[in-house]
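Survey of secondary and tertiary structure
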Amino acid sequence: MNISRDGAGRSDITKAARSLWLAGLLMLASVFEIVEARADLLVGNFFSPDLNVLRYDGTTGAFKGIFVPTGSGGLSFPLGGAFGPDGNLYVSNSDGDNVLRYNGTTGAFIDEFIPDGSGGLEDSAGLTFRGGFLHVANSADPGAVTRYDAATGAPAGAFVTPGSGGLSNPEGLTFGPDGNLYVTTDGGGVLRYDGTTGSFIATFVPGTLLSARGVAFGPDGNLYVTNFGGGTVARFDGTTGTFIDDFVTAGSGGLSTLPRPLTFGPDGNLYVGDYGNGSVLRYDGTTGAFIDAFVPAGGALGAPTFLVFNGAASPVPVPAAAWLFGWGLLGLFGVARRRAAGS
């Protein structure tokens, strides 16, 4: 291709480079728009006849509709939810002793990822992905944690064997910063298991809570547990398990005695599903102070069972790559200008 070295040629090069750079900025803006659009809060809803998964705007809390309808794929008791490595939503259907998979964008039913009773699963509850496996709390007494291949759903054995370490009716589970598995147990405690083998390590939190349900590690590295029946969210040292405080005190923001699921949002704040009032309350992630009723009572939500943000981790890597692309185009624009000036 012949490029003229006269003024008109230099102008053409500069215009082309500028157009390329502006296109890059538009691409960058579209990336941010995509990330923002994916930041929805999905809430498991167990309140007959509404046994479904609801979607709310992850920034404003505005109701955006039913994400998974009642009965979709046989859904009858959504007790746990998590997004998988494939970007789809996995829901433990406790009444069906199975795990159902739904399209992570549309909520359309895909398949019964873990069939009824597969691997000995009974009363499926909390679930989480790690290391190529899906771990599911088996809440039928005495309780266990069963592991499945994250890609195929094939049973990979009882990761935490029935009753190990005194496990009883587990519901919530999460992996900690140390790579180990933490599981709530009937009696108000949290048990710790080796994250690789599933063998019992210790009682991390003794049975001081009325009933431990939701469990999550916060940005500060400490462990947060909903005290179902006690009406608080307790905080424990993430290394020793020592009680620190009631991070969310009884009645804060209208919290009933039945807080169940909890999660930290993309904004760093704590979101608590109030099973008694049918709401989702938001608290300052540093102080525990009440912020607002993110999902107020009296709407479509009857009794929240799980909370999960869709795309909560996306804003970090995607825009970073887009910024690099944008700066690369800016550099290209500069080179084109210098070449044009030297022509």
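Everything here concerns the structure above.
Anyway, here's the lowdown on the structure attached to this text. (Residues numbered from 1 in each chain as written. Predicted model: local features only at pLDDT ≥ 70, side-chain atom pairs only at ≥ 80, totals over all residues. Heavy atoms only, no water.)

With that settled, consider the nonpolar core. Residues Val145, Val160, Leu167, Leu173, Leu181, Val183 and Tyr193 are the most contacted members of the largest nonpolar core, which totals 14 residues. Contributing elements (two or more residues each) for this core: strand S11 (155–160), strand S12 (173–175), strand S13 (181–185) and strand S14 (189–193). Setting aside residues no more than four positions away along its own chain, valine 145 makes contact with His135, Val136, Asn138, Ala158, Phe159, Val160, Leu173, Leu181 and Val183. (Core = buried A, V, L, I, M, F, W, Y, C linked by side-chain atoms within 4.5 Å. Buried < 20%, exposed > 50% of the residue type's maximum accessible area, 1.4 Å probe, protein only. Helix = DSSP H or I, 4+ residues; strand = E, 2+ residues; numbered from the N terminus. Contact = heavy atoms within 4.5 Å.)

Going from serine 48 to proline 49, the amide bond is cis rather than trans, its omega being 10°. Cis geometry is adopted by the peptide bond preceding proline 142, which originates at aspartate 141 and carries an omega value of 10°. Structurally, proline 142 can be placed in the loop between strand S9 (133–138) and strand S10 (144–149). Here the phi dihedral of aspartate 97 falls at roughly 55°; this positive angle occurs in a residue that is not glycine. Within the secondary structure layout, aspartate 97 lies in the loop between strand S5 (89–93) and strand S6 (98–102). The backbone of aspartate 123 shows a phi angle near 55°, a positive value even though the residue is not glycine. Take aspartate 123: it is sitting in the loop between strand S7 (109–114) and strand S8 (124–130).

A sheet is described by the order of its strands in space; here four strands give the open sequence S8-S9-S10-S11, paired in antiparallel fashion. The sheet is open, and its two edges are formed by S8 and S11, each paired on a single side. Averaged over all neighbouring strand pairs, the angle between strand axes comes to 25°, with direction disregarded. Two elements, S10 and S11, share three bridges in a ladder whose sense is antiparallel. Within S11, the residue paired with tyrosine 148 across the bridge is proline 155. (Pairing = 2+ DSSP bridges. Axes fitted to C-alpha atoms, helices over the stretch in contact; angles between N-to-C directions.)

Looking now at the sheet that holds S14. If you walk across this open sheet you meet the four strands as S12-S13-S14-S15, and the pairing is antiparallel. Bordering the open sheet on either side are S12 and strand S15 (200–205), each of which pairs with just one other strand. Within this sheet the neighbouring strands show an average axis-to-axis angle of 25°, counted without direction. Strand direction decides the pairing type here: S14 and S15, joined by four bridges, are antiparallel. Looking at the pairing, leucine 191 lines up with threonine 203 of S15.

Two faces make up the sheet, and in a regular strand the side chains alternate between them. Pairing geometry for strand S2 (residues 50–57) and strand S3 (residues 63–68), over four bridges, is antiparallel. The residue of S3 that forms the bridge with arginine 55 is glycine 65. Linking S2 back to S3 in an antiparallel pair, the connection comprises five residues, with glycine 61 at a positive phi of about 85°.

Bringing the side chain of arginine 282 into the picture now. Among the secondary structure elements, arginine 282 is positioned in strand S22 (residues 279–283). Polar contacts involving the side chain of arginine 282 include one to the side chain of tyrosine 271, which spans 3.3 Å. Not counting the four nearest positions on each side in its chain, arginine 282 is found in contact with Thr59, Asp267, Asn269, Leu270, Tyr271, Ala289, Phe290, Ile291, Asp292 and Phe294. (Polar contact = N/O pair within 3.5 Å; in protein donor to acceptor, adjacent residues only side chain to side chain.)

For the structure shown, the criterion picks out 11 salt bridges. Measuring nitrogen to oxygen at the nearest pair gives 3.5 Å for the salt bridge that ties arginine 235 to aspartate 220. Residue arginine 235 is found in strand S18 (residues 232–236), and its partner aspartate 220 is found in the loop between strand S16 (212–217) and strand S17 (223–227); the two are separated by 15 residues along the sequence. Here arginine 235 ties to aspartate 245 by a salt bridge, and the two come within 2.7 Å at their closest N and O atoms. With arginine 235 in strand S18 and aspartate 245 in strand S19 (residues 243–248), this residue pair connects regions lying 10 residues apart in the sequence. What makes arginine 235 buried here is its relative accessible area of 14%. Among the residues examined, aspartate 245 registers a relative accessible area of 23% and is labelled partly exposed. Among the ionic contacts, a cluster of salt bridges with common partners joins Asp40, Arg55 and Lys64. (Salt bridge = Lys/Arg side-chain N within 4 Å of Asp/Glu carboxyl O.)

Positionally, proline 115 belongs in the loop between S7 and S8. Along the chain, proline 115 and glycine 96 lie 19 residues apart, while their C-alpha atoms are 8.7 Å from each other. Excluding residues within four positions of it along the chain, proline 115 makes contact with Asp97 and Asn98.

With the rule as written, the count across this model stands at 15 aromatic pairs. With a centroid separation of 4.0 Å and 20° between ring planes, the pair formed by phenylalanine 46 and phenylalanine 77 is classed as stacked. Residue phenylalanine 46 is located in strand S1 (residues 40–47), and its partner phenylalanine 77 is located in the loop between S3 and strand S4 (78–83); the two are separated by 31 residues in the primary sequence. Plain terms: the ring middles of tyrosine 90 and phenylalanine 129 are 4.9 Å apart, the flat faces sit at 70° to each other, and that makes the pair edge-to-face. Here phenylalanine 129 lies in strand S8 and tyrosine 90 lies in strand S5, a separation of 39 residues in the sequence. A relative accessible area of 0% means that tyrosine 90 is categorised as buried. Owing to a relative accessible area of 17%, phenylalanine 129 belongs among the buried residues under this scheme. Among the aromatic side chains, those forming a connected cluster through ring pairs are Tyr90, Phe113 and Phe129. (Phe/Tyr/Trp six-rings, centres within 6.5 Å; stacked < 30°, edge-to-face > 60°.)

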